[in-house]
Amino acid sequence: MRTRTTILTRLQSNNRALAQPTTWQSRQGFNDLAEQFVTALTAVHGEPHLAPNLEGATAQLGAILAELGAQRVVANNEAPIADLNLPTRWPHLQWHIVGETAGDLREFCTYADVGLSSGIAAIAETGSVVIHSGSAQSRVATLFPPVHIVLLPTSRLTTDLFTFTATHKNTHLANGTLPAAMTFISGPSKTADIEQTMAIGVHGPKRFIVILYRE
Amino acid sequence: MTTTTAQFRERATIALEDVRLQQALDGATGRFATARQAALAAIPWADELRDHFKAIRAATLANLAEHLQTFERQATAVGTHVHWAQDGAEACAIVTEIAQRHGVTLATKSKSMATEEIHLNAALAKAGVRPVETDLGEWIIQLAEEPPSHIIAPAIHKTKEQVAELFERESGRPQSAADIPALTAEARRMLREQFLAAGMGISGGNLAVAETGSVVLVTNEGNGRMVTTAPRVHVAIIGIEKIAPTWDDAAVWLSLLARSATGQPMSIYTTVITGPKRTAALDGLPDPDGPEEVHVVLLDNGRSPLVGSKYEEVLQCIRCGACLNVCPVYREAGGHAYGSPYSGPIGAVISPLLFGLDKYPALPHASSLCGACQDVCPARIDLPRMLLELRADLVTQGIAHGSEAVLEGSVSLAMRSERVWALLMGMGRVGQRPLLKNGKLALPERFNPGGERPLPALAKKSFHDLWRDGEV
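These numbers come from a predicted model, not from an experiment.

### Brief notes about the domain arrangement of chain B
Piece 1. Domains assigned within chain B are domain 1 (43-304) and domain 2 (403-468).
Piece 2. A C-alpha centroid distance of 52 Å is found between domain 1 of chain B and domain 2 of chain B.

### Comments concerning the pairing of strand β9 (residues 269-273) of chain B
Piece 1. In terms of burial, β9 of chain B is largely enclosed, as five of its five residues are buried.
Piece 2. Residue alternation in β9 of chain B divides its side chains into two sets, Tyr 269, Thr 271 and Ile 273 of chain B and Thr 270 and Val 272 of chain B, and both sets are buried.
Piece 3. Two strands pair when backbone bridges link them, and strand β9 (residues 181-185) of chain A and β9 of chain B are joined in this way by five bridges, in the antiparallel orientation. Note on β9 of chain B: the bridge partner recorded for Phe 184 of chain A is Thr 270 of chain B.
Piece 4. Across five bridges, the pairing between strand β6 (residues 214-219) of chain B and β9 of chain B is antiparallel. By the bridge assignment for β9 of chain B, Thr 219 of chain B is matched with Tyr 269 of chain B.

### Some details on the pairing of strand β7 (residues 147-153) of chain A
Residue and element names in this part refer to chain A.
Piece 1. For β7, a buried count of seven out of seven residues is recorded, marking the element as mostly surrounded by other parts of the structure.
Piece 2. Because side chains alternate across β7, one face comprises the buried residues Val 147, Ile 149, Leu 151 and Pro 153, and the other comprises His 148, Val 150 and Leu 152, equally buried.
Piece 3. Pairing of strand β4 (residues 114-117) with β7 involves four bridges; the strand directions are parallel. Residue pairing in the sheet places Leu 116 in a bridge with Ile 149 of β7.
Piece 4. Bridging between β7 and strand β12 (residues 207-213) involves seven bridges; their strand directions are parallel. Each bridged residue has a counterpart across the sheet, and for Val 150 the counterpart in β12 is Val 210.

### Side note on the sheet that holds β9 of chain B
Pairing between sheet strands relies on hydrogen bonds along the backbone, with the strands arranged either parallel or antiparallel.
Piece 1. Taken in spatial order, the eight strands of this open sheet run β8(A)-β5(A)-β6(A)-β9(A)-β9(B)-β6(B)-β5(B)-β8(B), and their pairing is mixed. Looking at the sheet topology across the chains shown, the edges are occupied by β8 (157-158) of chain A together with β8 (243-244) of chain B.

### Overview of the sheet that holds β4 of chain A
All names here are of chain A.
Piece 1. Strand order in this open sheet of six strands is β1-β12-β7-β4-β2-β3, and the pairing throughout is parallel. If you trace the sheet from one side to the other, it starts and ends with β1 (47-51) and β3 (94-97), each paired once. Adjacent strand axes in the sheet meet at a mean angle of 20 degrees, parallel and antiparallel pairs treated alike.
Piece 2. Across the face of the sheet, helix α3 (residues 54-68) comes into contact with β1, β2 (72-75), β3, β4, β7 and β12 while running at roughly 160 degrees to β12.

### So, the pattern of salt bridges
Residues and elements named next belong to chain B.
Piece 1. Going through the model one piece at a time under the given rule, you end up with 32 salt bridges over all chains.
Piece 2. Glu 193 is paired through a salt bridge with Arg 189; the nearest N and O atoms lie 3.2 Å apart. Taken as a pair, Glu 193 and Arg 189 lie in helix α10 (residues 180-197) at a separation of four residues, close to a single helical turn.
Piece 3. Residue Glu 193 is classed as partly exposed on the basis of its relative accessible area, which comes to 47%.
Piece 4. Each member of the salt-bridge network shares a partner with another, and the members are Lys 54, Lys 310, Glu 313, Arg 385, Glu 389 and Asp 393.

Each value, and the rule that gives it
- Residues numbered from 1 in each chain as written.
- Chains lettered and ligands numbered in written order.
- Predicted model: local features only at pLDDT ≥ 70, side-chain atom pairs only at ≥ 80, totals over all residues.
- Heavy atoms only, no water.
- Domains from an automatic or database assignment.
- Buried < 20%, exposed > 50% of the residue type's maximum accessible area, 1.4 Å probe, protein only.
- Helix = DSSP H or I, 4+ residues; strand = E, 2+ residues; numbered from the N terminus.
- Pairing = 2+ DSSP bridges.
- Axes fitted to C-alpha atoms, helices over the stretch in contact; angles between N-to-C directions.
- Contact = heavy atoms within 4.5 Å.
- Salt bridge = Lys/Arg side-chain N within 4 Å of Asp/Glu carboxyl O.

This is the structure in structure tokens:
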């Protein structure tokens, strides 16, 4: 407590009346947010797909899972994934639906081939998907498996960080609604720490696949 | 650690003679600088955004106490334990106490300059906790038992052969130096085991958002997510100046950070931590994973005395490393010459301010004052001005070398009178004759302020006289 007082007293004695500048307004304008998102995510080695509707997106997901040869899939139990009845649709796969399937989630994620989630928003300028933690939204499900697949409606696209904060200030970014973890994901895990040579997939997922669909 | 002129020269000479290191420095800093330039050029309003950011940083520091208290209040409300540390020793004691209370023997760390600054790893080891760095570059230098040589690329001085050798020693398996993806995969495998076994995750914080009590961490590898997610306890150590009052301010900060650092529009992972895992999330049900305890250590360590001083501006720094990549001194001398976790232009200013000017008397001089650092700074920090202020402090505080103080004092005295100055210069032009060699002034090395380099001789006719006679 003494340290706290010392630091705060010292700072207070040098307090000055200097107002924060008014909020920066986004100057970015994209003709088509989905198109921009696809361009930006592709540039950072992410794998975007654009489907005409949820049905198309689901078919795309099935094709990707087959191509990957995935066997164990962990899925965050959130819209739109929750309504797709994935274990019934693809019963040959081993599923862990977060908050629903019994058993050790962490253990399952350690050996899972794919983690599946949605997101609260996506940022077109940078090709980023924003995900929240929650009772049905596991943090390790999108982190441990070598592949992370996101299913997201284009309606959640926003222009840039400034439109994101403006839009979500009172919803996803407010006290009480901001969860324990919010993550902006902008591509697969990468490093350039050995001789400045880029290598994909050092700690997080090696593939980051986003299936956007129009509603 | 200290950095006197002799030490700086000695370490810089080692770096200058290392051909491989020179290539690595040129390559890495050049690539970063080019990428930064392209990333900022892609947003036509980048200069205005930087002005805006500077205004945010200045206003935040002017009311820092209030923002820190807001952060503390909001963080506490979501269950984060907030600690205050006056110096490195206090911060280390707080972290080791938490580790010991939880019986932690292994802690995974994501890259953090604040923990480098307070030598946390040594303190943890002493307390029986094994710290494992998980940023690939940081892990490489931990295995090599070396300090970082760049703020954001700590291992730029290591070759892939050296990395393969270190990994071989660590894993007990042969490694191929020719295959960087394979080395990366090996690191993934070895460190994944550590992530899962660790009882505690330690991180820094790129910024903290006061209005929601959040800590924001930026990584490309995903190790920041790992250390804040997998272990039962997460501790973040963050300098008191790294506060964004609101999310509007944080958005500006994040828009500039990655672009300035690596030229990426956004780092791969920007993780926002707001308290431990919820026992009742929005729907009343508990979170399935995440740490049960989250601690934030607000680190002062010499920062608060800078607020309100002529050096306050240095606290606007967000540690992007852009100034290192354009600095002609850093690009040749490398990071180790500075003898501090903070190298380059920002290190030359902040190391003496945080750790003592008497310990780092050489650093204010480790600059040509070309101003490239200020040009690229996302907060437009006037580093050249502060380097000059520090040089003045060296003299007024009597830290400057005795002979240097006498010399500068005499010159200052002589320059006050045009006549005295002209007389002395005239005497000098005659007096230097026996010492001239190839038109340069070859002083014996111990009297030569230029070190090994000969000083230029006094011109036959001074610029002043040339001007007076209409010759220029």
